[in-house]
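# Architecture and fold: a report
Given next are the chains, with one letter for each unit.
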Amino acid sequence: MQRLSMASFKHKHLLGIRDLNAEEITMILDTAESLKEISSRDIKKVPTLRGKGVINFFYEASTRTRTSFEIAAKRLSADTFSLSASSSSMVKGETLIDTARNLEAMNPDIIVLRHSSAGAPHLLARKISPGVINAGDGQHEHPTQALLDMLTVRLHKNRLDGLKIAIIGDIAHSRVARSNILGFTKMGSQVTVAGPPTLMPAYAESLGVTVTYNMDEAIKDADIIMMLRVQLERQKKALFPSIREYAALYGLSPERMKKAKEDAIVMHPGPINRGVELVPEVADGKQSVILDQVSNGVAVRMAVLYLLLGGDKSEIAD
Amino acid sequence: MKLLIENGLLVHPRENREERASLLIAEGRIAGILNAEETAAAKRSEPDQIIDASGLIVAPGLIDMHTHLREPGQEYKETIQSGSRAAAAGGFTAVACMPNTTPPNDNASVTQSIIEKARDVALCRVYPVACITAGSKGEHLTEFGDLLQSGAIAFSDDGRPVEQSDVMRRALEYAKAFDALIISHAEDRALSAGGVMHEGRVSTRLGLPGIPRSAEDIAVFRDVSLCELTGSRLHIAHVSTKGAVEIIREAKARGVKVTAETAPHYFSLTHEAVEGFDTDAKMNPPLRDDEDVEAIKIGLKDGTIDAIATDHAPHSELEKKVEFDQAAFGIVGLETSVGLTMELARQNILSFSGALQKLSSNPAKILKIQGGTLEIGIPADITIIDPHLRRRVDAARFESKGKNSPFDGWMLTGVAVMTICAGEIIWKVDEAFKPQ
């Protein structure tokens, strides 16, 4: 297997892609590629993080990300504990910091936090001593999602620079979009975002992307088409007139696919609204790498836990 | 009791004039402005205290037209006593306190209780502002006549602006019977709903919901238009956008009876201060962009903006040491206002006299209260400012109960070194602060 570089991963926390440089992103992806193989073994477990404690603190509902973190930690033999807002004292009015201090008193090594407020992991990281991994904060960042997306792209395209990435949909409210924009531009690719103007953030260009309201323009010659989940409740706030029109203007159909490069891949962070942003035959088509993304999610989260906790590489090999 | 302040630079903001002279205070009133010869004579008559104001500015007491004292109801954030100490420490001899207390100041008994409490415990003068509508709910007008008689000096639904244009129109009209002042917290709440900071590149970067400039501009335009329609006196609170400055400038040029204030943070900080999710940079209206800061400065210079008010909004850590979007809006300002305003003098945007117009004589004129001048015979409310004294802001040492300041750690030049209210020294800078 590839040698793991233990050359300094200097971070104690993973709060956002913004805090990483291209070298560090590459280090995480290299590590993830090395660790990926563990998940295909008969015995999918290595003792690397034995005795380490990881608390999954999910203030906001999530199945995929939480399960992925849980599996990642267990494959590295860390002990995992899960806590959701409804099962914690936060429903009893305890503040985030108080809850976190109580968790801290149980001496975990890492707290993985999913929270509906942007900046909540940053607040936590300032107040408590364990490492903090941002598993999605409000509409701000979702760094492990961007890392797994970059890993997926790298495995399919063998590179992360010089690619044309189209991100389509609700850019304004998407932490996945923000982290991916940061990640792919840092790695030297061009990102174009497309969606209805009402779902585009103010001064979107300031993120270093090309902005268009025309989906066909965005996916023209694209190597990667990343579709975002549209929150159906946004329609109620008059952000778009109907699902029907949204699907017509910003849904990915086989006809539209033809405008992209022939070997373009289709990505989606899930869960999919079938028939809205993705026509089923595209979602399940041969260019779709949506399930690869999920598998790579486990590898990337193993890598992040491993690097933050400084695991022993000798224990990864057979 | 006789007090002689000698060797200082007396600033008369209303007359836009400065002079080197001594100020004599007797029986709580300004008793004379003395030349060298008269000063020598006054010294021979042995005053109780002589204050050497060499190198210092001697000015009419500062008046903050926009303070939240939180009492009654939220005494854990601030009280009339602690807030008035913060005011005195910041050089203010009078504050106008906003009515969004619990219960809100929407009837004479609350107004009276604030005035009585202030009489017992406050270091400085306290002028209650009453609600425009009952409970600031935007429906029924409060009893303006009764409230004014009880001591209210103006009306505002600060923090919860009057949404219905017809209600705002009636409030302005009704106020005419008393020539009363209506203070507008200008915000279109449908546009600002959910927003927690200025809508711009920083909100996009941080993934925080934004408040567009239009939320303020539209409301300012509405209220200016209603002011013109009714011919009443309107004051726009905490102007933060370039659009609002332009609307007010044009209205004033047409002769509309509108006045306006801004707060020090709107000419000292931009939305970049929110970076790192700092809840001490969260206030409403929010910190805007560079071009707004520039427009505010120009508006102060050309007189579009009449006053600098603090919008002193103390909160405890219960409201501030939380997730950014959950945190309360507002920052404390009484103890940093002079230093930040003196910065405008150093940038040649305002003269000393111009700065003191914004902090003293204009608020007095707009609120129609005594003060803002060094006229002989009026109560001696005096602020002595050292314009060159440098001091690092240390929020932990604020007199205010609120420590929520984005200026914590800033080095400011310009300190109110002594505050005198009705001839009494109510604040003297701690000598320990001096060498910095």
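My aim in this report is to walk through the structure given alongside it, one point at a time. (Residues numbered from 1 in each chain as written. Chains lettered and ligands numbered in written order. Predicted model: local features only at pLDDT ≥ 70, side-chain atom pairs only at ≥ 80, totals over all residues. Heavy atoms only, no water.)

### Here we look at the packing of helix α13 (residues 337-346) of chain B against helix α14 (residues 352-367) of chain B
Residues and elements named next belong to chain B. Where α13 meets α14, the axes come as close as 9 Å, and the angle between the chain directions of the two elements is 140 degrees. When the axes of α13 and α14 are compared, the pair comes out oblique. As for how α13 packs across α14, the hand of that crossing is right-handed. Seen from α13, the contacting residues are S337, T341, M342 and A345; seen from α14, they are F352, A355 and L359. Each residue belonging to the contact of α13 with α14 can be placed in one class, and the counts come to 5 nonpolar, 2 polar and no charged. (Axes fitted to C-alpha atoms, helices over the stretch in contact; angles between N-to-C directions. Helix = DSSP H or I, 4+ residues; strand = E, 2+ residues; numbered from the N terminus. Parallel < 35°, antiparallel > 145°, perpendicular 65-115°, else oblique. Left-handed = near helix turned anticlockwise from the far one by under 90°. Contact = heavy atoms within 4.5 Å. Nonpolar A, V, L, I, M, F, W, Y, C, P; charged D, E, K, R; others polar.)

### Considering helix α5 (residues 143-157) of chain A
Residues and elements named next belong to chain A. Its 15 residues place the ends of α5 21 Å apart at the C-alpha level, agreeing with the 21 Å of an ideal helix rising 1.5 Å per residue. Burial runs high along α5: 13 of the 15 residues are buried. One or two residues past the end of α5 sits N158, with phi positive at roughly 60 degrees. (Expected span 1.5 Å × (residues − 1). Buried < 20%, exposed > 50% of the residue type's maximum accessible area, 1.4 Å probe, protein only.)

### Focus on the sheet that holds strand β1 (residues 2-6) of chain B
Residues and elements named next belong to chain B. Strand order in this open sheet of 4 strands is β5-β4-β1-β6, and the pairing throughout is mixed. Two strands bound the open sheet, and with one partner strand each, they are β5 (29-34) and β6 (49-52). In this sheet, adjacent strand axes meet at a mean angle of 20 degrees when their direction is disregarded. Bridge count for β1 against β6 is 4 bridges, and the pairing is parallel. Paired with L4 across the bridge in β6 is I50. (Pairing = 2+ DSSP bridges.)

### Section: the nonpolar core
Grouped together as the largest cluster of nonpolar side chains are 93 residues, with contacts concentrated most on V126, I182, L208 and V239 of chain B. Membership of the second largest hydrophobic core comes to 63 residues, among which are I38, A146, I265 and L307 of chain A. (Core = buried A, V, L, I, M, F, W, Y, C linked by side-chain atoms within 4.5 Å.)

### Looking at the side chain of H235 of chain B
Residues and elements named next belong to chain B. Mapped onto the elements, H235 comes out in strand β15 (residues 233-236). A polar contact of 2.9 Å, which involves the side chain of H235, links it to the side chain of E261. Not counting chain neighbours up to four residues away, the residues in contact with H235 comprise M65, L181, I182, I183, S184, T259, A260, E261 and I366. (Polar contact = N/O pair within 3.5 Å; in protein donor to acceptor, adjacent residues only side chain to side chain.)

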